[in-house]
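Coordinates in review
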Amino acid sequence: MPYVAEVIVDVPVLQTNRPFHYKIPQAFEQRLEPGMRVVVPFGNGSRLVQGFVTNIFESSDYEGKLKEIDELMDLAPVLKPELIQLGEYMARSTYSFQISCYQTMLPAVLRAKYEKTVTIVDDIDEELFFELFKGKDTLSWEEVIDRNLVKQMLELKAADKVEVNYNVKDKRTKKTVKKIRSVSNFEQLEEIRETLRQNAKKQIALINVLQSMEENEWVDTKGIKEEYGISLSSINEAQKKGWLEIKDVEVYRDPFKDITIDKSHHLKLNDEQQVAYDQISKKLDSKEHQVFLLKGITGSGKTEVYLQTISKVIDQDLGALMLVPEIALTPQMVYRFKSRFGEKVAVLHSGLSEGEKYDEWRKINNGEASVVVGARSSVFAPLKKIGLIIIDEEHETSYKQEENPRYHAKDIAIWRGDFHNCPVILGSATPSLESSARASKGVYTLLELNERANKKALPEVKVIDMREEAKIGNRSNFSMELQAAIKDRIEKNEQAVLMLNRRGYSSFVMCRDCGFVLECPNCDISQTLHMDTKTMKCHYCGHEEGIPSICPSCRSKSIRYFGTGTQKVQEELQELFPDARILRMDVDTTRRKGAHERLLNDFGDKKADILLGTQMIAKGLDFPDVTLVGVINADTSLGLPDFRSAERTFQLLTQVSGRAGRAEKIGKVYVQSFNPDHYAIQYAKRHDYNAFYKREMQLRHISDYSPYYFLVSISVSHENEMTAAKKIGEFIHFIKPVLSEKAIVLGPTPKSIARTHNRYHFQAIIKYKKEAALSERLHELLMNSQKDQAKGLFVSIDAQPMNFI
């Protein structure tokens, strides 16, 4: 009886979480493993689709004739058994399809269109070398399939004689260097030397190099060229004469190769840090899963606790996973880990090229890196044995993915921690209300760091009422007090960080005569002015057009720029302080690879007096000479139609305040606001998280929101407004019969921004505590809606939504 593979197939517009059984061809029987990708026939015709093998059985209870796997896409699993199980959990908890969960776990290079080759990496039998490889080191995958060589390749892969290379069509391939080895012994080379003319100096030098090499030693041609001046053409000529052989050897792309990182050592922990370390350490010793909430004020030394617990995990020969929000994954943060753990660290974030990401992923997959530092998607890093998982700045909303599958990295981290029986640390100065509530109930263990590691007090925060500034005729973006403070810091040769809660030159363009605002033709949102490109841009769909000089509606010339963007503020700042050196850090100035790092290095080297930026400067920056932080417009996030707006404002102000006075010099923070008495601003002024938590929890309780209620949002969009409205009404009508009276349904209503990309958006929110039948009904809706999706309707089900706009 042939073996049977269980396969999750990828069928666009007809996805399913139900696995299908396929007969395993005899050639693959002993080598096919769960986690490999295969090509299988699907449906009645000759259609072939891709899929993931999730299990292998000796028989099937399927009564019909089983179809056979057509071909293999991999010679080794790309997903470990743990990640196969994780995909099942993700699909259930995020209302998505297993196939999309598995694809999300893989690096982009493995998901892209690629050409595959099989390369010899160890000596193989000479007969096989000529029979299978026809005397070459590499075979294309197409040739492997065409010549029916998959069985032989599986056997060679199992013996570690070959490896599969993914040659991505955009040229992001593995990086290689040329290496040579001598094919003659010392005496044979001496005989060759005697045949050379005396003036053949390069050839004689090459003979000397070959004679100095160990037997079977491979040497990089680049080093030979640099040290002895021997060119590649001379080396190629020597190969033709049979003196040596040349091969391309893969090397990992190292984004830190040009950077010197001095080794650092453990710092002495203070009493609070020691208590936190000891508690976590006990769970590391007992190999026990426990979620810790490490609540530590800014500058309290949370990172040092992370580093020392990771060090213990490495000593236990286990791996550690450290997640940091993309916005806080600064070069400073990476250096701290690299300086402590060196080559054991792999870094995964969006600033790396696809090739660099792939190389880092393979270092992890091959067991060459045991510490992974990365943003959200690195929660899927294929570490074999995990001893500790850390999520820094756990309150950050960027840990939630906003497209399918809509997972939260925190949930994935806790699932993996449970799987590996290891502790999970959630760290923050301003934990999410949900995490604090779980800690108060004993679901998480609370650890607190209430003093700064340098024993200094938190900076004084001064809230400035911008309404009063307007009364005295100051129409500037900078209050008189903040201007004086900036001037003072420049004179003292100290530095200032100024944060603006927005990007672009100016929010919008408006006609002062008729009130016309230039909106995007595809979206119900105003376009943003960008002076660097002299264009208007839509930040939703990417539409771009020229800046109007005349109002398109009334033809008036009174069309003006309104709002406050980083470019505009930079110009105003330069006018106020003509001699100040200003660096601007926002999405536009950090687009290019390495720009983020260069700007921070320049600021750290004191090549600038002022760092002006958006939210990306609020986290992870640690500069000893920053003694002033200014928040130019604290109100921006308060006005958003989102029940978490006060919480996000409090978190942001607390985080950015923590950038001041982190070393010996005393820091001060100025927060400018048109709503200075708002409780989020007042509690941030006092650095009083506990009082804010208590107040905000009361409001959440009254309004029936998280963490007192679970939330799920259902969204639809379509090019036709009536179709979208009708469909979401049908969906809510389908769900309501299974809900109890305690569940609350809000909507359906148009979204805050009702149209983007020429599509109309509607949403409904369900608030509930316990609804036994809801999950199953939502999965039914997911399956049933695929027919509508084939007709252009987009449907999204989001458990614990973070964004309501």
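In what follows, the accompanying structure is described.

Calculation notes
- Residues numbered from 1 in each chain as written.
- Predicted model: local features only at pLDDT ≥ 70, side-chain atom pairs only at ≥ 80, totals over all residues.
- Heavy atoms only, no water.
- Helix = DSSP H or I, 4+ residues; strand = E, 2+ residues; numbered from the N terminus.
- Rg over C-alpha atoms; globule rule 2.2 N^0.38 Å.
- Buried < 20%, exposed > 50% of the residue type's maximum accessible area, 1.4 Å probe, protein only.
- Contact = heavy atoms within 4.5 Å.
- Areas by Shrake-Rupley, 256 points an atom, 1.4 Å probe, with all protein chains shown as cover.
- Lys, Arg positive; Asp, Glu negative; His and termini not counted.
- Charge placed at Lys NZ, Arg CZ, Asp CG, Glu CD.
- Axes fitted to C-alpha atoms, helices over the stretch in contact; angles between N-to-C directions.
- Parallel < 35°, antiparallel > 145°, perpendicular 65-115°, else oblique.
- Nonpolar A, V, L, I, M, F, W, Y, C, P; charged D, E, K, R; others polar.
- Pairing = 2+ DSSP bridges.
- Expected span 1.5 Å × (residues − 1).
- Polar contact = N/O pair within 3.5 Å; in protein donor to acceptor, adjacent residues only side chain to side chain.
- Phe/Tyr/Trp six-rings, centres within 6.5 Å; stacked < 30°, edge-to-face > 60°.
- Salt bridge = Lys/Arg side-chain N within 4 Å of Asp/Glu carboxyl O.

**Brief notes about the overall build of the chain**
- On a plain count of helices and strands, the chain comes out with 26 helices and 33 strands.
- In terms of C-alpha radius of gyration, the chain reaches 30 Å, essentially the compact-globule figure of 28 Å for 805 residues.
- When the backbone C-alpha atoms are referred to their principal axes, the chain occupies close to 95 × 75 × 65 Å.
- When burial is assessed residue by residue, the chain has 52% of its 805 residues classed as buried.
- Of the contacts made within the chain by residues no fewer than 6 positions apart, 74% connect residues no fewer than 24 positions apart.
- In the structure as shown, the chain presents an accessible area of about 37500 Å², 48% of it carried by carbon and sulfur atoms.
- Put simply, the chain has 113 plus and 114 minus side-chain charges, and the middle of one group is 4 Å from the middle of the other.

**Observations concerning the packing of helix α16 (residues 433-440) against helix α23 (residues 689-703)**
- Two numbers describe how α16 lies on α23: the axes approach to 11 Å, and their chain directions differ by 95°. The pairing of α16 with α23 is recorded here as roughly perpendicular in orientation. On α23, the residues touching Leu433, Glu434, Ser436, Ala437 and Ser440 of α16 are Tyr689, Phe692, Tyr693, Glu696, Met697 and Arg700.
- Classifying every residue of the contact of α16 with α23 by side-chain character gives six nonpolar, two polar and three charged.

**Considering the sheet that holds strand β13 (residues 319-323)**
- One open sheet accounts for seven strands, arranged β14-β15-β13-β16-β17-β12-β18; its pairing is parallel. The sheet is open, and its two edges are formed by β14 (345-348) and β18 (445-449), each paired on a single side. Ignoring which end each strand starts from, the neighbouring axes of this sheet average 15° apart.
- With four bridges joining them, β13 and strand β15 (residues 371-374) adopt parallel strand pairing. Within the sheet, the bridge partner assigned to Met322 lies in β15 and is Val373.
- Across the sheet, helix α11 (residues 271-286) is in contact with β12 (291-296), β16 (386-392), β17 (424-428) and β18; its angle to β18 comes to roughly 150°.
- Sheet strands in contact with helix α13 (residues 331-341) are β13, β14, β15 and β16, and its direction is about 160° off that of β14.

**Remarks on unusual backbone geometry**
- In the segment running from Ser706 into Pro707, the intervening peptide bond is cis, with an omega of 10°.
- Topologically, Pro707 is positioned in the loop between α23 and β30 (710-718).
- Cis geometry is found at the peptide bond from Gly747 to Pro748, where omega equals 10°.
- Positive phi, normally seen in glycine, also occurs at Asn421, with a value near 50°.
- Relative to the helices and strands, Asn421 resides in the loop between α15 (409-419) and β17.

**Regarding α11**
- The terminal C-alpha atoms of α11 lie 23 Å apart, and with 16 residues this matches the ideal 22 Å at 1.5 Å per residue to within 8%.
- The elements touched by buried residues of α11 are β12, α12 (302-315), β16, β17 and β18.
- For α11, the capping residue at the N-terminal end is Asn270, with a side-chain oxygen 3.2 Å from the backbone nitrogen of Glu272.
- Once α11 ends, the next one or two residues include Lys287, with phi positive near 50°.

**What to know about the packing of aromatic side chains**
- As enumerated under the stated definition, the model contains 15 aromatic pairs in all.
- Seen in terms of ring centroids, Phe52 and Tyr102 are 5.4 Å apart; in terms of plane orientation they differ by 45°. Their pairing is tilted. Of this pair, Phe52 sits in strand β4 (residues 48-57) while Tyr102 is found in helix α2 (residues 98-105), placing the two residues 50 residues apart along the sequence.
- Relative accessible area serves as the criterion here: at 0%, Tyr102 is assigned to the buried category.
- Ring-pair connections join several aromatic residues into one group, and the members of that group are Phe650, Tyr679, Tyr689, Phe692 and Tyr693.

**As for the pattern of salt bridges**
- Tallied over the full model, the rule gives 36 salt bridges.
- Arg581 is the partner of Asp609 in a salt bridge, and the nearest nitrogen-oxygen pair spans 3.0 Å. Placement of the pair is Asp609 in the loop between α20 (595-604) and β27 (610-613) and Arg581 in the loop between α19 (566-576) and β26 (582-585), with a sequence separation of 28 residues.
- Exposure remark for Asp609: the relative accessible area of 8% places this residue in the buried category.
- In this structure, the salt-bridge partner of Lys606 is Asp625, at a minimum N-O distance of 3.4 Å. With Lys606 in the loop between α20 and β27 and Asp625 in the loop between β27 and β28 (626-631), this pair connects stretches of sequence that are 19 residues apart.
- You can call Lys606 partly exposed: its relative accessible area is 24%.
- Since its relative accessible area comes to 17%, Asp625 is described here as buried.

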